[in-house]
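So you can see what is in the structure, the chains are spelled out below.
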Amino acid sequence: MAWRRPSLPALAFLTWLLIAAVGFGGRFLNGDGDTARHLRHGETILARGDVIRNDPFSFTRPGEPYVSFEYGAQVLLALAHRIAGLGGVVALGATLAALAVALTLRFMLRRGVEPAAAYVAAAIGAVLLATHWIARPHLFTFVLLAVLLERLDRPKAPAPFAILALFVVWANLHGGWVFGMALLGAWALGRLVDAWRTGGPEEWSLARATLWSVPAAAIATLLTPYGTAAPLHLAAHLNDSALLRTAHEFRPPTFTDAGSLVFLLLTIGATIGFARAWPRTGLPTPHLIAILGFTVGGFLARRNIPLVALTALPLAMLHLDPLLLRLPEPPNLRRSFAEATGGSWVPGALAACVVWLAAVAGHRGGPRLLPTAFDANTFPVEAVAALRAEPGTLRLFNEYTWGGYVLWADPGQRVFIDPGADFYGSALALDYLRVWEQEPGWRDVLARFDVDAALVPAGSPLVEALVGEDGWRIRHADRTAVLLVREPGAPAAGRGTPPP
Amino acid sequence: MPAIVFLFWLLVTPLLLANRMLNADGDLPRHLRHGETILATGDVIRLEPFTYTRPGIEFVGMEVGSQLLYTWVHRVAGLAGVELAASAIIAAAFALLAAFLIRRGTDPLLGFLTAMAAAMVGMLHWVARPHVVSYVFIVLLLAMLERERPPKWWQYALLFLIWTNLHGGWVFGGLLCGIYMVGWFLEARLPHAPPYAMARARNALLGGLVAAAACFVNPYGAKLPAHIVYHFKERFLLDNTNEFRSPDFHMIGPKFFLAALLVLLFAFAITRERPRLPRLLLIVAGVYFALISQRNITVFALTALPVAALSFDAAWRRLPDPRGLRAGFARASAAASTWPWVGVGTLLALVLALRHGRVGGVEVVPDRFDPQIFPVALVEQARAERLEGRIFHEFTWGGYLLYAWPEQKIFIDGGTDVLGPDLMRTHMEITRLQPGWREHLAGWQVDWALLAPRTPLASQLAHEPGWRLDRCDRTAALFHHDGATAASDSLAPQRLGVCADTARTDTARAGR
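Predicted, not measured: the structure shown is a model, and the values here were computed from it.

1. Focus on the overall build of chain A
Scanning chain A for helices and strands turns up 22 helices and 4 strands. The C-alpha atoms of chain A give 25 Å as radius of gyration, which agrees with the globular expectation for 500 residues (23 Å, within 12%). Seen through its C-alpha atoms, chain A measures out along the principal axes to roughly 80 × 50 × 45 Å. Put simply, chain A has 500 residues, and 53% of those count as buried. Once local pairs closer than 6 in sequence are excluded, the contacts in chain A between residues at least 24 apart make up 74%.

Given below as structure tokens:
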């Protein structure tokens, strides 16, 4: 095969794969406690040969009906772990993250955005995506959203069967299909508006065809092992305002953070762009709805910022291109990018192979280019080892994000709570917060759940409070975590509030 | 039409936003106490006299004039008067905005809707505090920078001299001049630039220079601008002060801002009009500052929205005019008068203020701080009993303590620009029970702790040896330190629980 230079998407894939895997490998594993939880869920599903239908992990809601909207991704993460250990999990996460960037770039190039501008926009998008680079199921949504956008923004409406197939895959991988529905809805509504404005038969035909995709996608979301329970559960989760207010990733962005600041600057850039460069061809209504809708999503919850990078950013670029072309350019920059629009995808595939081989090698005792363990400064690695040595089963109050790690590192141990907030609900989250912040009644919560051990970060106020309670003793302490155990017979709430 | 805006907000603000205007934070009582101190001593405050944690450190006040203004009103008309005065200032700012838009030739209906929308977006930070004075000056300066005949230097000087001595918001005035200067300068370099662009850039530069010079003419001299610069560089203070944080779009107030932002983006995307660069820079600067810090949302509403309306006026006029609504509004606006109505409204507000917000025995405008937010009852009792000793308290109650218990020195108040980040950090460590909190309380020789009953520290002190729950109600719990060796108060948790449950019931009832 004759040598061909890598295509721009392949180059973007290669670049961001290496940056993600090597530069951000630790973040993929240690961003929060959810990666470990998903691995444990995936292993449980693989071991049972069935999805989880009743909670086997907590002592606060044991055996209660369990619905998952990300079981497929959990299985894939667990398989990556079986093949290449935690390095494999990083490799899978980085591959998905880089693929999303490459697909977004390919979309812009195919729609005629000037190559250098498209490449820069994809890089900015990657920075936004990096705000949520954690090896978790939502990475599959990144890729599928990019695929859907490319499919929707064509002169012909997508075939309902293709949409059905895409959403069946999506619904069985991750609950982010709701954002796919939102994008689909934007297109259906936008094309209806455009047809109404122009009144042309072709526009009406296109709008009707796009509209058919919506029921196809809706039906697809029911084709999971949980049937109607999955979308209902997801709707209940997204409507639990108390939970959304307390979960960090659902909080609005703080614009002094680096990632959020990029989002802010992008919003300002888009404002300037649209103010100065009126798109002479007119802005299609689907584009307008998607740009505004996903931007609002980014303002409402920081976890939606990456979705802006996958939708609003490339769509805006289709129309801001003329303005960017008026800017001065470094010598030959645009020409060299334009020459690279063809090219081969093979280097990208080779890079993926290299990353995966590195993961496997690290897992089998070879050189460790990718992280192979959870960070002992972030997770209670030593304390959980001490926990495993404790006789009997403890009813453990654990720090929220550590719940997933405990499940993964000590599979016999049940937890108080873990980052699966959709299952535990806001009531238990508020109970957790009451203990965590020692609000009045925190001792009563511990007594109600008969808690006899606690795993909390070193230096947290709760350590000092529990040490001051009767019967609680420190069993293990290191620079990351403290394990406290209540002596048999001592009241769970120490000197709790006596009944009035 | 400006009269309608003025009367509407003069009526709505004290009636519907009364609780927030007075009780949003503990800063109003702090400003009143500062004003009283200045009136009593006949000089501005130069050394910190209010805390036992930072006694005698250098004090620089950024809002002396408005503190005096509020204090005079408070002496004559009580808290209801203060609230009405703040409402009148706010209403005046948005009425001026409407007048500015009409004078610049905007369609009257668009001008009216913009002024009302700006008020809705900006009401997030309407609190009876000195910053509302800056709202008026921002609109005045914007009108100066936007008018066809450039302002004279002495007009800038007059504006900035008054502004500097009323409130620290003059910094934004300087920034506004800078934005117009850069905007006109860039505009002048574009093809088809208006011939006057460079002259406008020079005039805006003149405004900025005058602002820079005027900010030294105040009782503190050069210390005032230096102090403001220090304040904005203290990242810890900004990160931990609610109003300086990014807006929380889960709350209703910032959602108005988000809606305005969307409308702006939408309008830019679908209209052919291209705003001139000074206006565009002002809009994007407004967006930036509002997203960084929610207290700037009002500034965005007062600046970005009106210049956007000026830019989109032509597109607005191209829209259909169903039932001649726009034309009818324009005719009515041209025929209507402003000043008589403003005069009548102001007079009625003045009468109501002099009656301390009461009409025929009915309290229309509150004349007291909310006892469910501030520890009114416990402070009254403590003051009557002449309790002595150092007190630790909730952060937002510091200003209230200064106001209601002047004999008592406090731990901290909202004046963190003077008290500094270290003290604020210590206060947070204590209230969050972080390691070392006991040592902090012991180090400051704290005798009393005045806390909300449903807080971790109150819960902990109820169990803590050496601390006794002296009294509590649904708003506050007062603990006394009996000495490190004293046993814990065994009934304290139960008594505190009763007070906390009452507070919770009240909260739930209010929520319903």
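2. Observations regarding the overall build of chain B
Scanning chain B from terminus to terminus reveals 23 helices and 6 strands. In terms of overall size, chain B behaves like a compact globule, its C-alpha atoms giving a radius of gyration of 25 Å where 512 residues would be expected to give roughly 24 Å. Over its C-alpha atoms, taken along the principal directions, chain B stretches across nearly 80 × 50 × 45 Å. Long-range pairs, those at least 24 residues apart, make up 72% of the contacts in chain B between residues at least 6 apart in sequence.

3. Points about the interface of chain B and chain A
In this assembly, 39 residues from chain B lie in contact with 34 residues from chain A. For the side of chain B that touches chain A, the secondary structure elements donating two or more residues are α12 (252-270), α13 (277-292), α22 (456-463) and α23 (492-511) of chain B. In terms of residue count, α12 of chain B provides more of the side of chain B that touches chain A than any other element does, 8 residues in total.

4. Quick word on the confidence of the model for chain A
When pLDDT is averaged along chain A, the result is 89; 93% of the residues meet or exceed 70. Here residues 494-500 of chain A is modelled with pLDDT under 50, and outside its nearest four sequence neighbours on either side it reaches 22 contacts, counting other chains as well.

5. Let's talk about helix α16 (residues 339-354) of chain B
Residue and element names in this part refer to chain B. In this model, α16 (16 residues) spans 22 Å end to end at C-alpha, consistent with the 22 Å of a helix rising 1.5 Å per residue. Of all the residues in α16, the buried ones are V342, G345, A349 and A353. Along the long axis of α16, the arc covered by the buried residues comes to 75 degrees, so they all point the same way. Exposed side chains of α16 directed beyond 90 degrees from the buried face belong to P340, G343, V344, L347 and V351. Those residues of α16 hidden inside the fold are in contact with α1 (2-16) and α4 (64-103).

6. Some words on helix α20 (residues 421-431) of chain B
All names here are of chain B. When α20 is considered as a whole, its buried residues turn out to be T426, H427, I430 and T431. The arc enclosing the buried residues of α20, seen along the axis, measures out at 130 degrees, which places them on a common side. Tucked into the core, α20 has its buried residues touching β3 (391-393), α21 (437-443) and α22. A positive phi of about 55 degrees marks L433, the residue just after α20.

7. Brief notes about the sheet that holds strand β1 (residues 396-398) of chain A
The strands that make up a sheet are held in pairs by hydrogen bonds between backbone atoms, and each pair lies either parallel or antiparallel. Residue and element names in this part refer to chain A. Pairing in this open sheet of 4 strands is mixed, and the strands run β1-β2-β4-β3 from one edge to the other. Each edge of the open sheet carries a strand with a single partner, namely β1 and β3 (472-477). Adjacent strand axes in the sheet meet at a mean angle of 20 degrees when their direction is disregarded. Both strand β2 (residues 453-457) and strand β4 (residues 481-486) contribute to a ladder of 5 bridges, which runs antiparallel. Across the sheet, the residue bridging to A453 is V485, located in β4. Taken strand by strand, helix α18 (residues 381-389) contacts β2, β3 and β4, and its axis lies near 25 degrees from that of β4.

8. Observations regarding the sheet that holds β3 of chain B
All names here are of chain B. If you walk across this open sheet you meet the 4 strands as β3-β4-β6-β5, and the pairing is mixed. Only two strands of the sheet have a single neighbouring strand rather than two, namely β3 and β5 (467-472). Strand-to-strand, the axes of this sheet are offset by a mean angle of 20 degrees, without reference to chain direction. Inspection of the sheet shows strand β4 (residues 448-451) paired to strand β6 (residues 477-481) by 4 bridges, in the antiparallel sense. Each bridged residue has a counterpart across the sheet, and for L451 the counterpart in β6 is A477. Sitting on the sheet, α22 touches β4, β5 and β6, and the angle it makes with β4 is about 135 degrees.

9. Describing the confidence of the model for chain B
Residues and elements named next belong to chain B. Per-chain confidence: chain B averages 91 in pLDDT, with 97% of residues scoring 70 or above. Across chain B, the secondary-structure element scoring lowest on mean pLDDT is α23, at 69, and the one scoring highest is β3, at 97. Among the scores for the predicted complex, ipTM is 0.84 and pTM is 0.88.

10. Section: the packing of helix α6 (residues 138-152) of chain A against helix α7 (residues 160-173) of chain A
Residues and elements named next belong to chain A. Look at α6 against α7: their axes get within 10 Å of each other, and the N-to-C directions meet at 170 degrees. One way to sum up the angle between α6 and α7 is to call them roughly antiparallel. Note on element contacts: α7 touches α6 through A162, L166, W170 and L173, opposite F140, L144, V147, L148 and R151. Along the lines of polarity and charge, the residues of the contact of α6 with α7 split into 8 nonpolar, no polar and 1 charged.

11. Section: the environment of R383 of chain B
Tracing the backbone through its elements, the reader meets R383 of chain B in helix α17 (residues 376-384). For R383 of chain B, a count of 15 C-beta atoms within 10 Å puts it in the partly exposed group.

12. What to know about the nonpolar core
With 320 residues, the main nonpolar core has A97 and V101 of chain A together with F94 of chain B as its most contacted residues. Residues within four places of F94 of chain B in sequence aside, it is in contact with V5, W9, A115, A118 and A119 of chain B.

13. Digging into the pairing of β4 of chain A
Regular strands place their side chains on alternate faces of the sheet. All names here are of chain A. For β4, the tally of buried residues reaches 6 of 6 residues, placing the bulk of the element in the interior. Residues A481, L483 and V485 point to one face of β4 and V482, L484 and R486 to the other, with burial holding for every one of them. Taken together, the 5 bridges between β3 and β4 define a ladder with antiparallel strand orientation. Along β4, the bridge assignment pairs I474 with L484. Linkage of β3 to β4, two consecutive antiparallel strands, is achieved through a turn of 3 residues.

14. Quick notes on the pairing of β5 of chain B
Residues and elements named next belong to chain B. Note that β5 and β6 share 5 bridges and pair antiparallel. Residue pairing across strands places R471 opposite L478, the latter belonging to β6. The antiparallel pairing of β5 with β6 creates a hairpin that spans 4 residues between the two strands.

15. Structural notes on unusual backbone geometry
Excluding glycine, residues mostly carry a negative phi; peptide bonds, for their part, are mostly trans. Residues and elements named next belong to chain B. Although it is not a glycine, H192 adopts a positive phi angle of roughly 65 degrees. For H192, the location among the structural elements is in the loop between α8 (170-189) and α9 (197-214). What makes H192 exposed here is the crowd of 5 C-beta atoms within 10 Å.

16. A closer look at the environment of P150 of chain B
Residue and element names in this part refer to chain B. Here P150 lies in the loop between α6 (131-146) and α7 (153-166). Looking at P150, the number of C-beta atoms within 10 Å reads 16, which means it is partly exposed. In this structure, the C-alpha to C-alpha distance between P150 and D470, residues 320 residues apart in sequence, is 65 Å. Once residues lying within four places of it in the same chain are set aside, the contact partners of P150 are A199, R200 and N203.

17. Some remarks on the environment of L283 of chain A
Note on placement: L283 of chain A falls in the loop between α12 (258-276) and α13 (285-300). With sequence-adjacent residues up to four places away left out, L283 of chain A is seen in contact with L288 and H319 of chain A together with A269 and I270 of chain B.

What counts and how
Residues numbered from 1 in each chain as written. Chains lettered and ligands numbered in written order. Predicted model: local features only at pLDDT ≥ 70, side-chain atom pairs only at ≥ 80, totals over all residues. Helix = DSSP H or I, 4+ residues; strand = E, 2+ residues; numbered from the N terminus. Rg over C-alpha atoms; globule rule 2.2 N^0.38 Å. Buried ≥ 20, exposed ≤ 12 C-beta atoms within 10 Å, placed from the backbone. Contact = placed C-beta atoms within 7 Å. pLDDT = per-residue confidence, 0-100. Expected span 1.5 Å × (residues − 1). Arc of directions from axis to C-beta. Pairing = 2+ DSSP bridges. Axes fitted to C-alpha atoms, helices over the stretch in contact; angles between N-to-C directions. Parallel < 35°, antiparallel > 145°, perpendicular 65-115°, else oblique. Nonpolar A, V, L, I, M, F, W, Y, C, P; charged D, E, K, R; others polar. Core = buried A, V, L, I, M, F, W, Y, C linked by C-beta atoms within 7 Å.

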